[in-house]
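Remarks on the overall topology
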Amino acid sequence: MTFKLPIYMDHHATTPVDPRVLDAMLPYFSQEFGNASSIDHIFGARAHEAVEKAREQVASNLNARPEEIIFTSGATESDNIALLGVAEKMAAKGDHIITCVTEHKAVLDTAKHLETMSKTVTYLPVDRYGLVDPGDVEDAITDRTILISIMAANNEIGTIAPLKEIGKIAKAHGVLFHTDAAQAVGHIPIDVKEMGIDLLSLSGHKIYGPKGIGALYIKGANPKGKVSPVMFGGGHERGIRSGTYNVPGIVGLGKALEIAEKEMEAENKRFRKWIKQMLEAFQENIEGVVLNGHPEKRLAHNLNVCFPGIESKALIHLLRNDVAISAGSACTTTSVEPSHVLKAVGLGDSDIYSTVRFGSGRFNTGEEIEHCIHVVISGSKKLRRVSG
Ligand SMILES: Cc1ncc(COP(=O)(O)O)c(C=O)c1O
């Protein structure tokens, strides 16, 4: 065996920092520690230069302009700024927001908060694959609609949304289009111009960058024309996001996206092969295995499957020392509530509690995948024997 146990297969929850990213970050902790706003001296100027280089790397990945990138602490903060900021800025124009039932809590709970502030929110349904219908988006638009927020790729089932179609509709109706792309950027090609995206949230730790760093793309030269700030201070990031720059984190995010831009395609090819191999092996050896999410319009590294009659938490616990997998999104694993995403695609409670999410990653190997397949099959058989 040439690999170490347990094998990490939960890359939707978070990813390890790529050693190349870490190398790029390290000087900015103690050597190049300057405050990126204190540009009158060399220490600050060098930190500022590093931040601006990272801004270019992030922008390049999205086909955006560097000045359209606002650094934040992660996708949660970016989502909050997008929804709360647009709601406040556009209050004179309208008070209606369209989103979707399978969004991450960072969007859903922000939308719920807006409802307590007299805003109206439409939560669109999805089909059994987790796809939102662009026709439903268009039908939901009223003359009070100010924002459409639809996630790019789902963190549980990996379904990829029809971004371009939604972008077109938003533009035709003069409504802003935000997408939570925490699971998509660095994993699928994103072109904000081609897709008609006005605001986009992304996160460092989903793409082999550090935790606690992210970005919000805001289209155009004047972000304050679309978004009101939700926190106040020194006026950093064009007044949208005050606070001293997290220079090592920003450098890491930039490097992570530079690597993703070059390696994503080859990586996805590998993931597709592994995920197919896993699904076929599970279906051949475990009775009744069902794939959740869309068969094609899905993230290459995602596999979300239902093992009927097997309690996913029991399987995950049994395989604890072999492979790290998940029963749903990390953000809801402390909750006993069944996943809102699996509910939305029509699964009943017993199927939801039998669902496992696998997320392969950059540093997995073919041997690890084979071991994962082997232990999941033997573990499932053992649990079926116990309960049957
Ligand atoms: C779709 C989606 N949105 C938002 C987030 C939150 O991102 P962050 O951890 O950077 O705040 C996550 C992470 O779980 C996610 O998967």
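What counts as what
- Residues numbered from 1 in each chain as written.
- Predicted model: local features only at pLDDT ≥ 70, side-chain atom pairs only at ≥ 80, totals over all residues.
- Heavy atoms only, no water.
- Near = heavy atom within 4 Å.
- Polar contact = N/O pair within 3.5 Å; in protein donor to acceptor, adjacent residues only side chain to side chain.
- Helix = DSSP H or I, 4+ residues; strand = E, 2+ residues; numbered from the N terminus.
- Nonpolar A, V, L, I, M, F, W, Y, C, P; charged D, E, K, R; others polar.
- Core = buried A, V, L, I, M, F, W, Y, C linked by side-chain atoms within 4.5 Å.
- Buried < 20%, exposed > 50% of the residue type's maximum accessible area, 1.4 Å probe, protein only.
- Domains from an automatic or database assignment.
- Contact = heavy atoms within 4.5 Å.
- Pairing = 2+ DSSP bridges.
- Buried area = accessible area lost by both parts, 1.4 Å probe.
- Salt bridge = Lys/Arg side-chain N within 4 Å of Asp/Glu carboxyl O.
- Expected span 1.5 Å × (residues − 1).

1. Here's the deal with the site of the ligand
What surrounds the ligand is a group of 14 residues, the closest being T76, D180, Q183, S203 and K206. For the ligand, an oxygen atom lies 3.3 Å from a polar atom in the side chain of H104. Measuring from an oxygen atom of the ligand, one finds a side-chain N or O atom of Q183 at 2.7 Å. Among the elements that take part in the shell around the ligand, helix α4 (residues 75–89) stands out by supplying three residues, more than any other. Tallied by class, residues from the shell around the ligand come to four nonpolar, seven polar and three charged.

2. Thoughts on the nonpolar core
One finds L62, I148, I190 and L200 to be the most contacted residues of the largest nonpolar core, which totals 64 residues. Counting the residues that make up this core, at least three belong to each of domain 1 (19–258) and domain 2 (263–387). Other than its neighbours up to four places away in sequence, L62 contacts I69, V185, I190, D191, V192, L200, L202 and Y217. By size, the runner-up hydrophobic cluster in this structure holds 33 residues, among which are M9, M278, I286 and V323.

3. Some details on the sheet that holds strand β12 (residues 355–359)
Pairing is antiparallel across the open sheet formed by three strands, whose spatial order is β9-β10-β12. Two strands in the sheet have a free side with no partner beyond their single neighbour: β9 (290–291) and β12. Pairing of strand β10 (residues 302–306) with β12, which is carried by five bridges, proceeds in the antiparallel orientation. Bridge pairing in β12 links L303 to F358.

4. Quick word on the domain arrangement of the chain
In many analyses, interface size is given as the accessible surface area lost on bringing the parts together. As assigned here, the chain comprises domain 1 (19–258) and domain 2 (263–387). Each side of the interface is counted separately: domain 1 has 28 residues, and domain 2 has 28 residues. Taking both sides of the interface into account, the surface hidden between domain 1 and domain 2 amounts to around 2400 Å²; carbon and sulfur atoms contribute 59%. Area buried by domain 1 at its contact with domain 2 is led by E156, I157 and Y208, which between them contribute 32% of it. At the junction of domain 1 and domain 2, the tally comes to one salt bridge. With a closest N to O distance of 2.7 Å, R20 and E263 form a salt bridge. For the side of domain 1 that touches domain 2, the secondary structure elements donating two or more residues are α1 (19–25) and α5 (105–115). Classifying every residue of the side of domain 1 that touches domain 2 by side-chain character gives 12 nonpolar, 10 polar and six charged.

5. Here we look at helix α3 (residues 42–62)
With 21 residues, α3 ought to run about 30 Å at 1.5 Å a step, and its terminal C-alpha atoms sit 31 Å apart, in line with that. Among the structural elements, α2 (27–30), β2 (69–72), β7 (199–203), β8 (214–218) and α8 (247–285) are those in contact with the buried residues of α3.

6. With respect to unusual backbone geometry
For the bond running from L5 to P6, omega is -10°, close enough to zero to count as cis. Within the secondary structure, P6 sits in the segment before β1 (7–8). Even without a glycine there, the phi angle at S118 is positive, about 65°. Within the element layout of this structure, S118 appears in the loop between α5 and β4 (120–124). Note on S118: relative accessible area 60%, which makes it exposed.

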